Amino acid sequence: MSAPDSTGPKRSVVRGAFNVHDVRCYCGAEMLAMPSTFHTDRVYYRCPVADCEGVVGSHPDGRPVGTPANRATRAARIRAHNAFDPIWQSGEMKRTAAYAWLVEATGVRHIGESSIEECERVIAACKGRLPGGVLRKEGE
Ligand SMILES: [Zn+2]
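Residues numbered from 1 in each chain as written. Predicted model: local features only at pLDDT ≥ 70, side-chain atom pairs only at ≥ 80, totals over all residues.

Looking at helix 2 (residues 95-106)
Phase 1: In this model, helix 2 (twelve residues) spans 16 Å end to end at C-alpha, consistent with the 16 Å of a helix rising 1.5 Å per residue.
Phase 2: In the segment just after helix 2, Gly107 is the residue with positive phi, at about 80°. (Helix = DSSP H or I, 4+ residues; strand = E, 2+ residues; numbered from the N terminus. Expected span 1.5 Å × (residues − 1).)

A word on the sheet that holds strand 2 (residues 43-46)
Phase 1: Strand order in the open sheet formed by three strands is 1-2-3, with antiparallel pairing between adjacent strands. Two strands lie at the open edges of the sheet, namely strand 1 (32-35) and strand 3 (55-57), each paired on one side alone. Put simply, the sheet's adjacent strands are angled 30° from each other on average, direction ignored.
Phase 2: With four bridges joining them, strand 1 and strand 2 adopt antiparallel strand pairing. Opposite Ala33, over in strand 2, you have Tyr45 as the bridge partner. (Pairing = 2+ DSSP bridges. Axes fitted to C-alpha atoms, helices over the stretch in contact; angles between N-to-C directions.)

Observations regarding the packing of helix 2 against helix 3 (residues 116-129)
Phase 1: Helix 3 packs onto helix 2 with a crossing angle of 110° between their chain directions and a minimal axis gap of 10 Å. Of the possible angle classes, the one that applies to helix 2 and helix 3 is roughly perpendicular. Across from Leu102, Ala105 and Thr106 in helix 2, the residues of helix 3 making contact are Arg121, Val122 and Ala125.
Phase 2: For the contact of helix 2 with helix 3, a count of residues per class yields four nonpolar, one polar and one charged. (Parallel < 35°, antiparallel > 145°, perpendicular 65-115°, else oblique. Contact = placed C-beta atoms within 7 Å. Nonpolar A, V, L, I, M, F, W, Y, C, P; charged D, E, K, R; others polar.)

Next up, the structure:
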């Protein structure tokens, strides 16, 4: 019996320490809560259906971040965020104003809940928004 070391809470995270919600996949299955590898205090939700790619992360309180998505949709959401986030990260617009513009321009309120088609709409709107501005890349 060795005394517990004093390195603190990172050693093991017991299941009861996580906040977990009931989350349903887009395929209809109830999702499994798995320990996150990025956030030791959080879970992510994974679809138990073998050929389903449904995954969604969680907030610290266990609420899912956006809606479950497959690989292609997650990639599209990342592309949409990469197109949109510079608008407010640059300080050119406040974040709330940027999201208000996004809703007006595309009908999309939450990129994290968007389909691939909606993400493409966001990307197109962001690209078309600023002639010569921060979102234009060389050669486009
Ligand atoms: Zn699923």
